[in-house]
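Residues per chain are reported as follows:
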Number of protein chains: 2
Amino acid sequence: MSIRIGILGYGNLGRGVELAVKSAPDMELVCVFTRRDPATVKIATANIPVVSTTEVEKWTDKIDVLILCGGSATDLPTQTPEYAKLFNVVDSFDTHARIPEHFANVDASAKVAGKVAVISCGWDPGMFSLARVYSNAILPDGNDYTFWGKGVSQGHSDAIRRIKGVKNAKQYTIPVEAALEAVRNGENPELTTRQKHTRECFVVLEEGADAAAVEKEIKEMPNYFADYDTTVHFISEDELLKNHSGMAHGGFVFRSGKTGANKEHNHIIEYSLKLDSNPEFTTSVLIAVARAAYRMNSEGMKGCKTILDIPPAYLSEKSGEELRAHLL
Amino acid sequence: MSIRIGILGYGNLGRGVELAVKSAPDMELVCVFTRRDPATVKIATANIPVVSTTEVEKWTDKIDVLILCGGSATDLPTQTPEYAKLFNVVDSFDTHARIPEHFANVDASAKVAGKVAVISCGWDPGMFSLARVYSNAILPDGNDYTFWGKGVSQGHSDAIRRIKGVKNAKQYTIPVEAALEAVRNGENPELTTRQKHTRECFVVLEEGADAAAVEKEIKEMPNYFADYDTTVHFISEDELLKNHSGMAHGGFVFRSGKTGANKEHNHIIEYSLKLDSNPEFTTSVLIAVARAAYRMNSEGMKGCKTILDIPPAYLSEKSGEELRAHLL
């Protein structure tokens with residue numbers, strides 16, 4: 001019997017989940033929930049109902065795992081605790097600093113309901129977290145390095161768009177190649193913010209805006225840009241849409257750790273991702289985690305979990321025998 | 001209370017476990033078991049008893065996890081099922097083709113005894129297996145690539161040493177850089193054995209041996225060398241000991257997978273290790289797994305497990321709260 005998946009929210013993530021379910025032989029999509037008027041939401045899959053979130057309670061017996069595809073800023077902090085009262089749920093909550101609070105809220109709901117809720121699944125938090133936890137457990141005496149990019153940072157792009165005179169903008173976060181190499185070579189460098197990443201901005205101005213003033217305001221913006229080497233390019237809206245609409249992203253997680261009687265041996269663990277589509281990779285993780293959530297709940301587990309609590313084999317549609325014979 | 005660790009077998013792995021326990025704040029070494037005369041075995045840690053394996057049954061109440069440091073060819077196939085009757089155990093059994101059989105034997109013993117036995121922990125099988133299983137679960141439509149090296153292959157070195165006229169030898173397995181790059185670039189190449197790795201041999205001849213004949217025999221050896229581009233260097237025993245006694249190793253695991261309505265997006269997941277000491281890294285994994293084995297058994301689990309069955313958080317000495325706050 002297939003694992004029955006529901007999607008809540010039909011944006012980039014919702015569409016990605018829809019595609020990922022098609023690639024999963026043991027899953028089927030049964031419903032897409034939307035806060036919009038369902039009649040206005042056209043989904044890619046034929047014969048799957050689009051239903052208002054106001055009717056979600058009617059579906060509790062028809063869905064094994066509900067995948068929450070809202071945003072971390074305002075949607076998930078309320079949605080995940082709410083829907084964990086009704087379904088096994090999975091989310092991609094990615095505001096690192098607020099994870100403990102989100103975990104506590106979701107755990108309370110899911111425990112009462114007897115459901116499993118897995119939060120913060122994607123690539124960071126998610127696969128990068130796994131890389132950090134495994135490598136820290138193995139090499140307790142060492143240094144962690146996480147680099148992001150090259151890829152668009154939504155938060156930094158938004159920050160530029162809020163500047164007066166800016167019509168549109170995209171900002172790329174780019175790891176500094178020399179820093180990557182120093183880490184890879186086991187030099188265990190101490191890196192400042194500026195030494196780890198550069199920021200490259202593509203900006204469309206409103207008519208009559210002062211380019212020099214905008215560039216200065218970007219480069220001096222505290223937290224977002226002031227601590228980085230930032231490049232600003234002014235381009236036309238056509239060029240922005242044509243050349244900067246991609247959703248590629250990626251990054252690197254390193255652990256550089258020492259062993260030996262005199263700590264004379266260095267070891268480098270490197271995990272990296274190069275993704276053509278950030279949302280489609282994130283949703284591919286969500287789908288694998290949904291499989292695990294269903295299995296864990298079927299075994300009687302309940303409460304809030306993260307990917308750190310999931311036995312890796314639970315993410316795979318293959319059996320333990322198959323995994324041991326072919327992938328171990 | 002510390003997790004009480006026993007070591008069985010005091011070779012490279014046993015010494016590595018001894019060092020790794022020292023780096024683990026939540027563990028203590030309580031005993032080293034040897035098949036040799038204990039009086040002849042000097043260990044690095046003061047005040048820890050070295051005991052004959054014939055007395056191991058007296059230690060069942062004093063050890064939480066026994067780490068089996070024997071070899072995969074002849075030791076572990078009998079030792080792991082035997083000691084899983086008495087202790088939670090961890091081994092580094094690495095004969096991939098025989099893992100299902102080893103798993104079945106160990107599982108039978110451990111289940112009857114109510115112990116947890118984790119087999120095949122190290123880097124391959126071990127961390128590389130994790131990389132393969134995670135990335136296959138996330139990207140079901142894709143290709144796997146595993147490369148080993150640069151590092152010494154014990155099996156290939158032994159094969160050379162068995163040739164008439166060879167006094168000593170070391171063989172390095174080296175990944176082909178062009179193949180790594182093609183995979184990294186998302187070209188999804190189909191690679192022959194020859195295109196993935198080269199083999200470099202450093203050989204010390206017996207006096208009067210025929211170098212040309214030895215080189216021919218190496219290069220034409222089926223399975224081991226015939227399918228590879230192999231280089232043979234003849235050197236003195238002094239040079240071999242001076243320049244080729246290191247135990248560095250490493251390798252790369254890639255998954256290159258596609259998503260999207262028309263499979264138009266490619267994603268590359270790369271996991272790599274660059275290890276100054278193969279045995280010390282392997283034993284660092286064994287120690288983290290021993291922690292997990294102890295926790296799993298404390299929760300009532302029993303039977304044979306692999307690293308694919310272990311929730312990642314169980315490997316870390318940090319609490320769930322700490323992991324979520326700092327590493328997720």
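Residues numbered from 1 in each chain as written. Chains lettered and ligands numbered in written order. Predicted model: local features only at pLDDT ≥ 70, side-chain atom pairs only at ≥ 80, totals over all residues. Heavy atoms only, no water.

**Student:** Quick question: what am I supposed to make of the overall build of chain A here?
**Tutor:** Secondary structure summary: chain A contains 11 helices and 14 strands in total. Taking the principal axes of the C-alpha coordinates as reference, chain A spans close to 65 × 60 × 35 Å. Here chain A holds 328 residues, and the buried ones make up 57% of them. Within chain A, counting contacts between residues at least 6 apart in sequence, those at least 24 apart form 68% of the total. (Helix = DSSP H or I, 4+ residues; strand = E, 2+ residues; numbered from the N terminus. Buried < 20%, exposed > 50% of the residue type's maximum accessible area, 1.4 Å probe, protein only. Contact = heavy atoms within 4.5 Å.)

**Student:** Can you help me understand the confidence of the model for chain A in this one?
**Tutor:** Caution applies to low-pLDDT parts of the model: their predicted coordinates are not meant to be read in detail. Confidence in the prediction of chain A, expressed as mean pLDDT, is 97, and 100% of residues score 70 or more. The ipTM, which scores confidence in the relative placement of chains, is 0.96 for this predicted complex, and the corresponding pTM is 0.96. (pLDDT = per-residue confidence, 0-100.)

**Student:** Even after reading the chapter, I still don't get the relation of the copies chain B and chain A, so can you show me in this structure?
**Tutor:** The operation relating the pair of chain copies consists of a rotation about an axis and a translation along that axis. In the superposition of chain B on chain A (RMSD 0.1 Å, axial shift 0.0 Å), the rotation amounts to 180 degrees. On the angle and the small slide along the axis, the relation comes out as a two-fold axis. Interface overlap between copies: 100% of the residues of chain B at the interface are likewise at the interface in chain A, consistent with a symmetric, same-surface contact. (Least-squares fit on C-alpha atoms with pLDDT ≥ 70 in both.)

**Student:** Sorry, what's going on with the packing of helix 2 (residues 76-83) of chain B against helix 3 (residues 99-113) of chain B here?
**Tutor:** If you want to describe how two helices pack, look at the angle between their axes and the distance between the axes. Residue and element names in this part refer to chain B. In the contact formed by helix 2 and helix 3, the axes pass within 7 Å of each other and the chain directions differ by 20 degrees. Classified by the interaxial angle, the pair formed by helix 2 and helix 3 is roughly parallel. Pair helix 2 / helix 3 crosses with right-handed handedness. Together, Leu-76, Pro-77, Thr-80 and Pro-81 of helix 2 and His-102, Asn-105, Val-106 and Ser-109 of helix 3 make up the contact between the two elements. Taken together, the residues of the contact of helix 2 with helix 3 sort by class into 4 nonpolar, 4 polar and no charged. (Axes fitted to C-alpha atoms, helices over the stretch in contact; angles between N-to-C directions. Parallel < 35°, antiparallel > 145°, perpendicular 65-115°, else oblique. Left-handed = near helix turned anticlockwise from the far one by under 90°. Nonpolar A, V, L, I, M, F, W, Y, C, P; charged D, E, K, R; others polar.)

**Student:** How should the packing of helix 1 (residues 12-22) of chain A against helix 10 (residues 278-298) of chain A be read in this particular structure?
**Tutor:** Residues and elements named next belong to chain A. For the pair helix 1 and helix 10, interaxial distance at closest approach is 8 Å and the crossing angle is 55 degrees. One way to sum up the angle between helix 1 and helix 10 is to call them oblique. In terms of crossing hand, the pair formed by helix 1 and helix 10 is right-handed. Every residue of helix 10 that contacts helix 1 at Asn-12, Leu-13, Gly-16, Val-17, Leu-19, Ala-20 and Val-21 is listed here: Pro-279, Glu-280, Thr-282, Thr-283, Ser-284, Leu-286 and Ile-287. Considered class by class, the residues forming the contact of helix 1 with helix 10 number 8 nonpolar, 5 polar and 1 charged.

**Student:** Which parts of the structure should I look at to understand helix 10 of chain A?
**Tutor:** Residue pairs three or four apart in sequence face the same way in an α-helix, which turns once every 3.6 residues. Residues and elements named next belong to chain A. If you check helix 10, its first and last C-alpha atoms are 31 Å apart, about what 21 residues at 1.5 Å a residue would give, namely 30 Å. Summarising burial for helix 10: 17 of the 21 residues are buried, a large majority. Capping the start of helix 10, Ser-277 holds a side-chain oxygen 3.1 Å from the backbone nitrogen of Glu-280, two or three residues further along. Positive phi shows up at Gly-300, right after helix 10, with a value of about 100 degrees. (Expected span 1.5 Å × (residues − 1). Polar contact = N/O pair within 3.5 Å; in protein donor to acceptor, adjacent residues only side chain to side chain.)

**Student:** It is not clear to me how the nonpolar core should be interpreted in this structure. Could you clarify?
**Tutor:** The tendency in soluble globular proteins is for nonpolar side chains to be buried as a group. Membership of the largest hydrophobic core comes to 158 residues, with the highest contact counts inside it found for Phe-281 of chain A together with Phe-281 of chain B. In this view, Phe-281 of chain B contacts Ile-138, Leu-139, His-267 and Ile-269 of chain A together with Trp-123, Met-127, Leu-273 and Leu-275 of chain B; residues no more than four positions away in its chain are not counted. (Core = buried A, V, L, I, M, F, W, Y, C linked by side-chain atoms within 4.5 Å.)

**Student:** Explain empty space enclosed by the protein here, please?
**Tutor:** Picture a little ball the size of a water molecule; that probe, rolled over the atoms, points out where space is still empty. Scanning the entire structure with this criterion turns up 1 cavity of 30 Å³ or more. In this structure, the largest cavity occupies an estimated 150 Å³ of space. Taken together, 15 residues form the lining of the largest cavity, with Tyr-271 of chain A together with Leu-130, Ala-131, Tyr-134 and Tyr-271 of chain B sitting closest to its centre. For the lining of the largest cavity, the secondary-structure elements that each account for two or more residues are helix 4 (127-138) of chain A together with helix 4 (127-138), strand 12 (249-259) and strand 13 (265-275) of chain B. Of all the elements, helix 4 of chain B adds the most residues to the lining of the largest cavity, at 5 residues. A class-by-class count of the residues in the lining of the largest cavity yields 13 nonpolar, 1 polar and 1 charged. (1 Å grid on protein atoms, 1.4 Å probe; cavity = no way out; pocket = protein on both sides within 12 Å on 5 of 7 lines; lining within 4 Å. Points joined across faces, edges and corners; volume = space filled by probe spheres on them.)

**Student:** Just checking my understanding: could you explain the interface of chain B and chain A for this structure?
**Tutor:** For an interface, size is often stated in terms of accessible area lost upon the parts coming together. Taken residue by residue, the interface counts 63 residues in chain B and 63 residues in chain A. Counting the surface lost from both chain B and chain A, the interface buries some 5,300 Å², and carbon and sulfur atoms represent 64% of this. Taken together, the connections running from chain B to chain A amount to 0 salt bridges. Where chain B meets chain A, there are 27 residue pairs in polar contact (both at pLDDT 80 or more). Listing elements by their share of the side of chain B that touches chain A, those giving two or more residues are helix 3, helix 4, strand 13, helix 10 (278-298) and helix 11 (320-326) of chain B. It is strand 13 of chain B that contributes the most residues to the side of chain B that touches chain A, 11 residues altogether. When the residues that make up the side of chain B that touches chain A are grouped by side-chain class, the tally is 33 nonpolar, 16 polar and 14 charged. Relative to strand 13 of chain B, strand 13 (residues 265-275) of chain A is paired through 9 bridges, and the arrangement is antiparallel. Pairing of Leu-275 of chain A across the sheet is with His-267 of chain B, part of strand 13 of chain B. (Buried area = accessible area lost by both parts, 1.4 Å probe. Salt bridge = Lys/Arg side-chain N within 4 Å of Asp/Glu carboxyl O. Pairing = 2+ DSSP bridges.)

**Student:** Please clarify how the sheet that holds strand 11 (residues 229-234) of chain B should be interpreted in this entry.
**Tutor:** Within a sheet, adjacent strands bond to each other through the backbone by hydrogen bonds, running parallel or antiparallel. Residues and elements named next belong to chain B. One open sheet holds the 4 strands; their spatial order is 8-9-10-11, and the pairing between them is mixed. The open sheet has two edge strands with one neighbour each: strand 8 (151-152) and strand 11. Sheet topology places strand 9 (residues 166-175) next to strand 10 (residues 197-205); 9 bridges connect them, and they run antiparallel. For Asn-168, the partnering residue across the bridge sits in strand 10 and is Val-204. The strands touched by helix 5 (residues 154-161) within the sheet are strand 8, strand 9 and strand 10, with strand 9 carrying the most contacts at an inclination of about 145 degrees.

**Student:** When you look at the sheet that holds strand 7 (residues 142-148) of chain A in this model, what are you seeing that I'm missing?
**Tutor:** Read from one edge of the open sheet, 6 strands run 7(A)-12(A)-13(A)-13(B)-12(B)-7(B), paired in antiparallel fashion. What marks the edges here is a single partner per strand, and that holds for strand 7 of chain A together with strand 7 (142-148) of chain B. Adjacent strand axes in the sheet meet at a mean angle of 5 degrees when their direction is disregarded. Sheet analysis places strand 7 of chain A next to strand 12 (residues 249-259) of chain A, joined by 7 bridges and oriented antiparallel. Across the sheet, residue Phe-147 of chain A finds its bridge partner in strand 12 of chain A, namely Phe-252 of chain A. In the packing of helix 6 (residues 177-184) of chain B onto the sheet, contacts are made with strand 13 of chain A together with strand 7, strand 12 and strand 13 of chain B, and the angle to strand 12 of chain B comes to roughly 30 degrees. Across the sheet, helix 10 of chain B touches strand 12 and strand 13 of chain A together with strand 12 and strand 13 of chain B, and the angle it forms with strand 13 of chain A is around 70 degrees.

**Student:** Explain the pairing of strand 12 of chain B here, please?
**Tutor:** Put simply, side chains in a regular strand alternate between the two faces of the sheet. Residues and elements named next belong to chain B. Buried residues dominate strand 12, accounting for 10 of its 11 residues. Where strand 12 meets strand 13, 11 bridges bridge the pair, whose relative direction is antiparallel. From the neighbouring strand, Phe-254 faces strand 13, where its bridge partner is Glu-270. The hairpin turn running from strand 12 into strand 13, its antiparallel successor, is 5 residues long, and Gly-260 in that turn takes a positive phi close to 110 degrees.

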